[in-house]
Amino acid sequence: MTQSSLIKPARQTDANLALVKRTYEGSSSAENAKSLQHALASDARWSEAAGFPYAGTYVGFSAIAANVFARLETKWDNYRVDIEDYVAQGDKVFCLWHLFRNLCQDRQIF
């Protein structure tokens with residue numbers, strides 16, 4: 001493998017990492033949502049695990065926003081995600097985070 005053949009994948013990895021960071025590190029949750037909307041394909045699938053309050057699979061940004069993020073805002077006080085680290089390799093980026101929130105409506109714990 002030549003050095004030039006390694007540069008393109010490295011640049012793509014950097015671009016993917018920057019894209020994911022924009023969805024978490026904006027100046028507001030509205031900015032993060034806008035970045036996420038631009039990053040997702042129109043048929044993106046978001047799955048919440050069985051047993052979680054919002055369990056199900058949602059397709060497209062509008063469904064994801066309505067069934068996950070809008071519900072977080074109305075059901076949880078002081079919801080925030082603190083990023084611990086990102087791991088990027090090739091076309092995959094993982095975000096390690098901690099979720100903080102206070103229950104405010106149905107007091108459902110999962």
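Anyway, here's the lowdown on the structure attached to this text.

Thresholds applied
Going along each chain's sequence as written, the residues are numbered from 1 onward. Only residues with pLDDT of at least 70 are given local features in this predicted model, and only at 80 or more are side-chain atom pairs given and counted; all residues enter the totals for whole chains, interfaces and linings. Neither water nor hydrogens contribute to the side-chain values; these are computed over all heavy atoms in the structure. Only runs of H or I of at least four residues qualify as helices and only runs of E of at least two qualify as strands under DSSP, and these elements are numbered from the N terminus. Partly exposed describes any residue whose relative accessible area lies between the buried limit of under 20% and the exposed limit of over 50%, with all areas from a 1.4 Å probe on protein chains only and scaled to the type maximum. In what follows, a contact means two residues having at least one pair of non-hydrogen atoms within 4.5 Å. Only the protein chains shown count as cover for residues, and all accessible areas are computed by the Shrake-Rupley method using a 1.4 Å probe.

### Quick notes on the overall build of the protein
Here comes step 1: A tally of helices and strands in the protein yields 3 helices and 4 strands.
Here comes step 2: Order of helices (α) and strands (β) in the protein, N terminus to C terminus: α-α-β-β-α-β-β.
Here comes step 3: Taking all 110 residues of the protein together, the buried fraction comes to 18%.
Here comes step 4: Intrachain contacts of the protein at a sequence separation of at least 6 include 35% that bridge at least 24 residues.
Here comes step 5: Accessible surface, the protein: about 7900 Å² in total, of which carbon and sulfur atoms supply 52%.

### A look at the environment of Cys-95
Here comes step 1: Topologically, Cys-95 is positioned in strand S4 (residues 92-103).
Here comes step 2: When the C-alpha atoms of Cys-95 and Lys-21 are compared, they prove to be 8.7 Å apart, with 74 residues separating the residues in sequence.

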